[in-house]
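# Fold and contact review
Each chain is listed here by its residues.
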Amino acid sequence: MAGVPFINPPEPETTFEVGDTVEVYCDHEKGGQRVRGWLKGIVVQVDPKMVAVQFRTNVFLTDGWMVPDHILWYPQNSPHIRFPAKKGSRAELANSE
């Protein structure tokens, strides 16, 4: 029996891998103040639906509670998690203006 051809190869189940540096849009501390913005972290666990990211600074849940282990979980397809922009990229330069 002939194999079934496909147009595009199957997509990998996960985009992120343990050890990846990512940016997450969250509440965190910056200069002693609580701010909401993009913060770099490291992926520490991945499953088919969720990604766990750990940070070096205090992070907060949306209802105000500080997360003691500095780890936040996000859905794989969340708009609040991304790979960092390359240094000097057009998107980064446009956002800094």
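Predicted model only: the values in this text are computed from it and were never measured.

### Details of the overall build of the chain
Check the secondary structure of the chain and you find one helix and six strands. Each helix (α) and strand (β) of the chain, taken in turn from the N terminus, gives the series β-β-β-β-β-β-α. The buried share of the chain, reckoned over its 97 residues, is 26%. Contacts in the chain between residues at least 24 apart in sequence constitute 48% of all its contacts with a sequence separation of at least 6. A total of about 7,500 Å² of accessible surface is found on the chain, and carbon and sulfur atoms cover 55% of it.

### Describing the environment of V46
Along the polypeptide, V46 turns up in strand β2 (residues 33-46). Here V46 falls in the partly exposed class, since its relative accessible area comes to 24%. Counting along the chain gives 27 residues from V46 to W73, while the straight-line C-alpha distance between them is 9.5 Å.

### A short note on the nonpolar core
Of all hydrophobic cores here, the largest spans 14 residues; its most connected members are V24 and I81. Of all the secondary structure elements, the ones that give two or more residues to this core are β1 (21-30), β2, β3 (50-54) and β5 (71-75). Examining the composition of this core, we find that three residues originate from one element, β1, more than from any other. In this view, I81 contacts F16, V22, E23, V24, W38, V51, V53, Y74 and P75; residues no more than four positions away in its chain are not counted.

### Examining the pattern of salt bridges
Here the structure, examined in full by the defined rule, presents three salt bridges. In this structure, the salt-bridge partner of E23 is R82, at a minimum N-O distance of 2.7 Å. Here E23 is found in strand β1, whereas its partner R82 is found in strand β6 (residues 81-82), with 59 residues between them in sequence. Residue classification places E23 among the buried residues on the basis of a relative accessible area of 12%. On the basis of relative accessibility, which here comes to 31%, the residue R82 falls in the partly exposed class. R36 is the salt-bridge partner of D27, the closest N and O atoms lying 2.9 Å from each other. Given the relative accessible area of 10%, D27 is considered buried. Within this structure, D27, R34 and R36 form a network of salt bridges that share partners.

### Remarks on the pairing of β5
Burial along β5 is one-sided: the face carrying L72 and Y74 is buried and the face carrying I71, W73 and P75 is not. Of the pairings in the sheet, the one linking β3 to β5 comprises five bridges and is antiparallel in character. Following the sheet pairing, M50 is matched in β5 by P75.

So, how was this worked out
Residues numbered from 1 in each chain as written. Predicted model: local features only at pLDDT ≥ 70, side-chain atom pairs only at ≥ 80, totals over all residues. Heavy atoms only, no water. Helix = DSSP H or I, 4+ residues; strand = E, 2+ residues; numbered from the N terminus. Buried < 20%, exposed > 50% of the residue type's maximum accessible area, 1.4 Å probe, protein only. Contact = heavy atoms within 4.5 Å. Areas by Shrake-Rupley, 256 points an atom, 1.4 Å probe, with all protein chains shown as cover. Core = buried A, V, L, I, M, F, W, Y, C linked by side-chain atoms within 4.5 Å. Salt bridge = Lys/Arg side-chain N within 4 Å of Asp/Glu carboxyl O. Pairing = 2+ DSSP bridges.

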